[in-house]
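Chain by chain, the residues:
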Amino acid sequence: MADRLPTIVGFAGTLVVLGALVWFVGAGDILAALSRADRSVLAGMVAVAVLWLCLWGMALRTVLDSLGAPVASHTAILVFSAAVFSNNITPFGQAGGEPVSALLISEAADTEYETGLAAIASVDTLHFVPSIGFAVGAFTFVAAGAVQLGRNLLFAAGAIATLAVGLPTAAYLGWRYRYELEAAVVRFLTPVARTVGRVVPRWTPPSPGGLEHRIERFFSSIDRVAGDRRSLVVATSFSAMGWLALGVTLWLSMYALGEPVEFSSVMLAIPVAMVAGIAPLPGGSGAIESVLATLLVATTGVPSAVALSGALLYRGATYWLPILIGGGVASFLGADRARGGE
């Protein structure tokens, strides 16, 4: 129960945030908008969301191939769903869920934990490349048609600039000073591991040399992925198609409500909203819906209730669907790991 408490508290916080958001916009208006949704279009929306999971799962498979840990396509898709599940139930989105995702990947691919961590880190990094391109292109179209750049569009411009400049700079500096970073991580983790070793029974903490070796394997795996240009191109292509599938999913959610919008608006809103995923709530819930609805209102002029309704439908397909699928996969891998440890 103690292990589940943070997740329970996180989801309780999510319900509070979403409840406050719905109350602020107008619960009656939102229910009225949702009641008008075209169910056949919603079915198509869910199908496109499944396509998104498949495309990004194939990106993971491509990266694992380059690391010498190949898995079948269906396995990669299911494991990626489990990785999304772990991101969706932990605070701070990907930052909180990636250690668990790495464990799930290493179990499915029967490889070292460091390889699984390098795989999911590489996939996440690759996803930023097409997202920046789509966001910049969409912002250009939206800004060209705007009479003036309002506060929300200026916020979007700032978020895009952060993605386009901050992330590549951080990645370059991290790689440029990877040996210094490795030494700092070893110095930090060694006393932490010793403390945990004194508390957790029958667990021997790794030595500083062991930690250094594990970190070196992680960086070696990253270097291996970066050196495989063909795999980078293929994985990035799958990622780009996945972003387009996400855009179609949000566009269909608005279309189902009888409010078709410009595709450039959804392709601007989605990458910017992903930045809100770092909020300290499971999967960034509440924050992502708020950003999506705000930018849809700012760029399309649809009523707030319709924009939030569309955001909720979109998140129903891209947030709750991976939880249902990935949760089952994660449970299976966890049970399999437990059996293997007996």
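As the structure is a prediction and not an experimental result, all values here were calculated from the model.

Conventions used here
Residues numbered from 1 in each chain as written. Predicted model: local features only at pLDDT ≥ 70, side-chain atom pairs only at ≥ 80, totals over all residues. Heavy atoms only, no water. Helix = DSSP H or I, 4+ residues; strand = E, 2+ residues; numbered from the N terminus. Buried < 20%, exposed > 50% of the residue type's maximum accessible area, 1.4 Å probe, protein only. Contact = heavy atoms within 4.5 Å. Areas by Shrake-Rupley, 256 points an atom, 1.4 Å probe, with all protein chains shown as cover. Salt bridge = Lys/Arg side-chain N within 4 Å of Asp/Glu carboxyl O. Polar contact = N/O pair within 3.5 Å; in protein donor to acceptor, adjacent residues only side chain to side chain. 1 Å grid on protein atoms, 1.4 Å probe; cavity = no way out; pocket = protein on both sides within 12 Å on 5 of 7 lines; lining within 4 Å. Points joined across faces, edges and corners; volume = space filled by probe spheres on them. Nonpolar A, V, L, I, M, F, W, Y, C, P; charged D, E, K, R; others polar.

Asks: I'd like to hear about the overall build of the protein, residue by residue, with values.
Replies: Within the protein, the regular secondary structure consists of 13 helices and zero strands. In the protein, which comprises 342 residues, the proportion classed as buried is 44%. The long-range share in the protein, meaning contacts at least 24 apart out of those at least 6 apart in sequence, stands at 73%. Taken as a whole, the protein presents about 16900 Å² of accessible surface, with 67% of it coming from carbon and sulfur.

Asks: Report on the pattern of salt bridges, specifying residues and quantitative values.
Replies: Tallying each qualifying case throughout the model produces two salt bridges. In this structure, the salt-bridge partner of Asp65 is Arg61, at a minimum N-O distance of 3.3 Å. One end of the pair, Asp65, and the other, Arg61, are both in helix α3 (residues 39–66), four residues apart, so they sit about a helical turn from each other. With relative accessibility at 25%, the residue Arg61 sits in the partly exposed group. The shortest N-O distance in the salt bridge between Glu289 and Arg315 comes to 3.0 Å. Of this pair, Glu289 sits in helix α12 (residues 287–300) while Arg315 sits in helix α13 (residues 304–341); the two residues are 26 residues apart in sequence, bridging distant segments of the chain.

Asks: Kindly report on the environment of Trp56, identifying the contributing residues and their values.
Replies: Its location among the elements puts Trp56 in helix α3. Judged by its relative accessible area of 6%, Trp56 falls in the buried class. In the structure, Trp56 is positioned 20 residues away from Ala76 in sequence and 9.0 Å away in space, judged by C-alpha atoms. The residues contacting Trp56, other than those within four sequence positions of it, are Phe80, His127, Phe238, Ser239, Gly242, Trp243 and Leu246. Reaching out from Trp56, the side chain makes a polar contact with the backbone oxygen of Ser239 at a distance of 3.0 Å.

Asks: Requested: an account of empty space enclosed by the protein, with residues and values cited.
Replies: Counted by the stated rule, this structure contains one cavity of 30 Å³ or more. Put simply, the largest cavity is a space of about 30 Å³. Looking at the largest cavity, the residues that line it are Leu64, Val71, Thr75, Ala76, Val79, Ile105, Ala108 and Ala109. Listing elements by their share of the lining of the largest cavity, those giving two or more residues are α4 (73–89) and α5 (94–109). Per-class residue counts for the lining of the largest cavity are seven nonpolar, one polar and no charged.

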